[in-house]
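# Structural overview
Spelled out, the chains give:
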Amino acid sequence: MNNEEIAKILDQAAKDATAVGQMGEKHDFSLEDAYEIQRHSINRRLDRGEKITGFKLGFTSRAKMEQMGVHDLIWGILTDEMELKPQEEVNLDRWIHPRAEPEIAFRISKDIEESIGLKEIHKYVDAMAPALEIIDSRYENFKFSLEDVVADNCSSTGYVVGDWLNLNTEISDLDIDLRINKEVVQSGKTSAILNNPLQSLVELSRLASKAGIIIQKGQVVLAGAATAAVYLENNQHIEAHVEDLGNISFQTK
Ligand code: OOG
């Protein structure tokens, strides 16, 4: 099976909300292949009329690496089909076994075409916000290798971003938590994200420029979760709370 055929199976699994076995178990592919498969699956979405809205980093914290048994930073692509409105009521039937993670989002104000350093970020990013990411592995039991998860666009499924704020707040050591029906179910510190969530932009710029991809003005970057992810159930109010940045939530039905 070639990379395009693997992408078709993973894309179909997402569309049908039906899990498949780990692709890497039957078809040995490299990490480079995995990113190519990811690109093919995004192209299928673009062919259906979806638009790229941004990028996400994964496994930027120890909590996430330990939960999933994968120990390397990964990146995936977000599209407008994945974007939820704040407070939106979401039917869980459209996904397989979705989980939520509290995150921080950044807004790009100028195209990033090369690898940038921490000190240059303010030239390329004009806002940040509390965010929630919904991940939904297309693999049975949410089990995968590093190559598998990259091929599956890093489990990207949904995201919702709160009110944008300027970059004046220091965000390297804030409390961040996930609340379900107002109860804190996961809590951590933003320092868990690469010591400083801004570092995720440095890493993404390095990876994207290596891949020949421009991170465009207006796009959103999710820095990765500081805590483990939690499975969603029906009739829940899901909320991310970031100290000094505020809250963002949605509702499941
Ligand atoms: C992969 C995505 C990881 C994060 O924030 O670390 C991720 C997964 O756990 O399914 O989104």
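Residues numbered from 1 in each chain as written. Predicted model: local features only at pLDDT ≥ 70, side-chain atom pairs only at ≥ 80, totals over all residues. Heavy atoms only, no water.

If you check an unreviewed UniProt entry, the protein appears there as Fumarylacetoacetate hydrolase family protein from Mesonia ostreae.

## So, the site of the ligand
Neighbouring residues of the ligand: 17 residues in total, closest Lys 56, Phe 59, Lys 64, Ser 155 and Ala 225. One of the side-chain N or O atoms of Ser 155 is found 2.6 Å from an oxygen atom in the ligand. Separating an oxygen atom of the ligand from a backbone N or O atom of Ala 225 is a distance of 2.9 Å. Here the ligand loses 100% of its free accessible area of 320 Å² to cover by the protein chains. Elements with a minimum of two residues in the shell around the ligand: strand 1 (52-58), helix 4 (62-68), strand 4 (99-108) and strand 5 (125-135). Counting residues per element, the shell around the ligand draws most heavily on strand 1, at three residues. Looking at the shell around the ligand residue by residue, the classes come out as nine nonpolar, three polar and five charged. (Near = heavy atom within 4 Å. Polar contact = N/O pair within 3.5 Å; in protein donor to acceptor, adjacent residues only side chain to side chain. Areas by Shrake-Rupley, 256 points an atom, 1.4 Å probe, with all protein chains shown as cover. Helix = DSSP H or I, 4+ residues; strand = E, 2+ residues; numbered from the N terminus. Nonpolar A, V, L, I, M, F, W, Y, C, P; charged D, E, K, R; others polar.)

## Focus: the sheet that holds strand 7 (residues 175-180)
Here we have five strands laid out as an open sheet, ordered 3-12-11-7-8, and mixed in their pairing. Among the strands making up the open sheet, the edge pair consists of strand 3 (89-90) and strand 8 (183-189). Relative to strand 12 (residues 246-252), strand 11 (residues 237-242) is paired through six bridges, and the arrangement is antiparallel. Its bridge partner lying in strand 12, Ala 240 is registered against Ile 248. (Pairing = 2+ DSSP bridges.)

## What to know about the packing of aromatic side chains
For the structure shown, the criterion picks out four aromatic pairs. Relative to Phe 144, the ring of Phe 142 has its centre 6.4 Å away and its plane inclined at 55°; by these criteria the two rings are tilted. Pair check on accessibility: Phe 142 and Phe 144 agree, each one buried. Chaining the aromatic ring pairs together yields one cluster made of Tyr 35, Phe 55 and Trp 75. Just above the ring of Phe 142 sits the side chain of Arg 99; from NZ or CZ to the centre is 4.3 Å. Its end group placed over the ring of Tyr 231, Arg 99 keeps NZ or CZ at 4.1 Å from the ring centre. (Phe/Tyr/Trp six-rings, centres within 6.5 Å; stacked < 30°, edge-to-face > 60°. Buried < 20%, exposed > 50% of the residue type's maximum accessible area, 1.4 Å probe, protein only. Lys NZ or Arg CZ within 6 Å of the ring centre and 35° of its normal.)

## Description of helix 7 (residues 199-210)
Helix length check: helix 7, at 12 residues, gives a terminal C-alpha distance of 17 Å against a target of 16 Å (1.5 Å per residue), a fit within 8%. Three or more residues of helix 7 are buried, namely Ser 200, Leu 201, Val 202, Glu 203, Leu 204, Ser 205, Leu 207 and Ala 208. Close packing links the buried residues of helix 7 with strand 1, strand 2 (74-79), strand 4, helix 5 (121-124), strand 5 and strand 9 (220-222). One or two positions beyond helix 7, positive phi appears at Gly 212, with a value near 75°. (Expected span 1.5 Å × (residues − 1). Contact = heavy atoms within 4.5 Å.)

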